[in-house]
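Fold and contact review
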Amino acid sequence: MTLPSIPLAGVIGNPIAHSKSPLLHGHWLKTYGITGHYVPLEVDAEHLEAVLKAMPQMGFVGCNVTIPHKERVVQFVDQITDRATLIGAVNTLIFRPDGSIVGDNTDGYGFIENLRHGAPEWQAEAGPAVVLGAGGAARAVVASLLDAGVPEILLTNRTRVRADRLREDFGARVKVVEWVQAGNILEEAATLVNTTSLGMAGKSELRIPMDGLRSETVVTDLVYNPLITNFLKTAQERGCVTVDGLGMLLHQAVPGFERWFGRRPVVDEATRQVVLG
Ligand code: NAP
């Protein structure tokens, strides 16, 4: 198969109309004068395999995969990166010229890059990280924090069994704490991460006592709507450096864009404004 003259990429999900990815990649394509397109693709689970098989012949060089297909798509790839295997989900596909499909997961990369850019003084080794939540996004966060060198992760989730599963998958550096005890472990945190959907517009607030939080703790939230959640506001009032969740969304897109279109895009203020706008 020859390389397409007009390379296409996109994001597969359902629903997909709300996705910010077309705005983001469209901005980069325009900024770098690249001939190519990035489109939203609303695909049902029953058509996922057929769609993936057809895409390379249509000029697609790859795509992102989002809810609800991130876990299911694993079975349709020919090769999977170690980090995607560990996370158990794929969010970036690369269609190779030989017709094979490579699956990667860049969420953890996006999380750490956002943390490093938003809090340049952040050091993984500084002490334990407290992670709130044990859903799909938490797996990427835990994997990347461990990889970055965090000595210990105190993990807490409303549904205990989900946190226990992460502990089994990621090993002894992860310690599970009861959800009702969440407020009591904050003082131990060098890093504090909200990976739950609490605090998001239209959802309940994250209500854990934050009195124990120290001003040295770097605090970040995966929720980016609103950009500054009440969780981040409280952390700011306690003197903490905070990092909003939008940057994770932007940074996770970098490796895919580079692989598909041959240019490493820069995440800057203009990029943020395009997505916020
Ligand atoms: P998920 O798999 O559905 O997990 C949701 C998490 O929120 C679980 O830990 C769940 O606990 C917890 N939760 C939900 N309602 C709760 C409640 N009423 N009380 C206590 N805990 C509650 O979702 P996900 O994919 O991990 O995404 C989580 C959040 O991260 C979402 O807001 C998503 O938009 C955001 N996110 C952001 C980025 C980014 O780029 N910034 C990337 C990925 C995800 P249980 O297990 O007890 O249900």
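For the structure, see preceding data.
Residues numbered from 1 in each chain as written. Predicted model: local features only at pLDDT ≥ 70, side-chain atom pairs only at ≥ 80, totals over all residues. Heavy atoms only, no water.

1. Considering the sheet that holds strand 9 (residues 174-178)
Across the sheet, six strands lie side by side as 9-8-7-10-11-12; this open sheet has parallel pairing. Both edges of this open sheet fall to strand 9 and strand 12 (241-243), since each of them pairs with a single strand only. Geometrically, the sheet is characterised by an average inter-axis angle of 20 degrees between neighbouring strands, direction not taken into account. As judged from the four bridges shared by strand 7 (residues 129-132) and strand 8 (residues 153-157), these two strands associate in the parallel manner. Residue pairing in the sheet places Ala-129 in a bridge with Ile-153 of strand 8. Running at roughly 165 degrees to strand 11 (residues 218-221), helix 8 (residues 230-237) makes contact with strand 7, strand 10 (191-194), strand 11 and strand 12 of the sheet. (Pairing = 2+ DSSP bridges. Helix = DSSP H or I, 4+ residues; strand = E, 2+ residues; numbered from the N terminus. Axes fitted to C-alpha atoms, helices over the stretch in contact; angles between N-to-C directions. Contact = heavy atoms within 4.5 Å.)

2. Section: the side chain of Asn-105
Inspection of the secondary structure puts Asn-105 in the loop between strand 6 (101-104) and helix 4 (107-118). Polar contacts involving the side chain of Asn-105 include one to the main-chain carbonyl oxygen of Ala-89, which spans 2.9 Å. Beyond its immediate chain neighbours, meaning those up to four positions away, Asn-105 contacts Thr-81, Arg-83, Ala-84, Ile-87, Ala-89, Val-90 and Asn-91. (Polar contact = N/O pair within 3.5 Å; in protein donor to acceptor, adjacent residues only side chain to side chain.)

3. Describing the site of the ligand
Near the ligand you find 21 residues, and of these Ala-137, Asn-157, Arg-158, Thr-159 and Arg-162 are the closest. Within the contact set of the ligand, an oxygen atom lies 3.3 Å away from a backbone nitrogen or oxygen of Ser-197. At 2.9 Å from a nitrogen atom of the ligand is found a main-chain nitrogen or oxygen belonging to Leu-222. Summarising the interface, the protein chains cover 75% of the accessible area of the ligand, which totals 920 Å² for the free molecule. Partitioning the shell around the ligand into residue classes produces 10 nonpolar, nine polar and two charged. (Near = heavy atom within 4 Å. Areas by Shrake-Rupley, 256 points an atom, 1.4 Å probe, with all protein chains shown as cover. Nonpolar A, V, L, I, M, F, W, Y, C, P; charged D, E, K, R; others polar.)

4. Points about the nonpolar core
Within the largest apolar cluster, 31 residues are counted, with the highest numbers of intra-cluster contacts made by Phe-111, Trp-122, Val-131, Val-142, Leu-145, Ile-153 and Leu-155. Breaking this core down by element, the ones donating at least two residues are helix 4, strand 7, helix 5 (136-148), strand 8, helix 6 (160-170) and strand 9. Considering every element that reaches this core, the biggest residue donor is helix 5, with seven residues. (Core = buried A, V, L, I, M, F, W, Y, C linked by side-chain atoms within 4.5 Å. Buried < 20%, exposed > 50% of the residue type's maximum accessible area, 1.4 Å probe, protein only.)

5. Thoughts on the pairing of strand 8
Burial runs high along strand 8: five of the five residues are buried. Side chains of strand 8 alternate between two faces, with Ile-153, Leu-155 and Asn-157 and Leu-154 and Thr-156 buried alike. For the handedness criterion, the β-α-β arrangement of strand 7, helix 5 and strand 8 is classed as right-handed. Where strand 8 meets strand 9, five bridges bridge the pair, whose relative direction is parallel. (Right-handed = clockwise from strand over helix to strand, strands pointing away.)

6. Points about the environment of Leu-145
Note on placement: Leu-145 falls in helix 5. Classification of Leu-145 by relative accessible area gives buried; the value is 0%. Each C-alpha atom, one on Leu-145 and one on Gly-133, is 14 Å from the other, the two residues being 12 residues apart in sequence.

7. A word on the packing of aromatic side chains
For the structure shown, the criterion picks out five aromatic pairs. For the ring pair Trp-28 and Phe-257, a centre distance of 5.5 Å and an interplane angle of 70 degrees mean the geometry is edge-to-face. Taken together, the positions of Trp-28 in helix 1 (residues 21-31) and Phe-257 in helix 10 (residues 254-261) put the pair 229 residues apart, joining distant regions of the chain. Each member of the pair Trp-28 and Phe-257 is classed as buried. (Phe/Tyr/Trp six-rings, centres within 6.5 Å; stacked < 30°, edge-to-face > 60°.)

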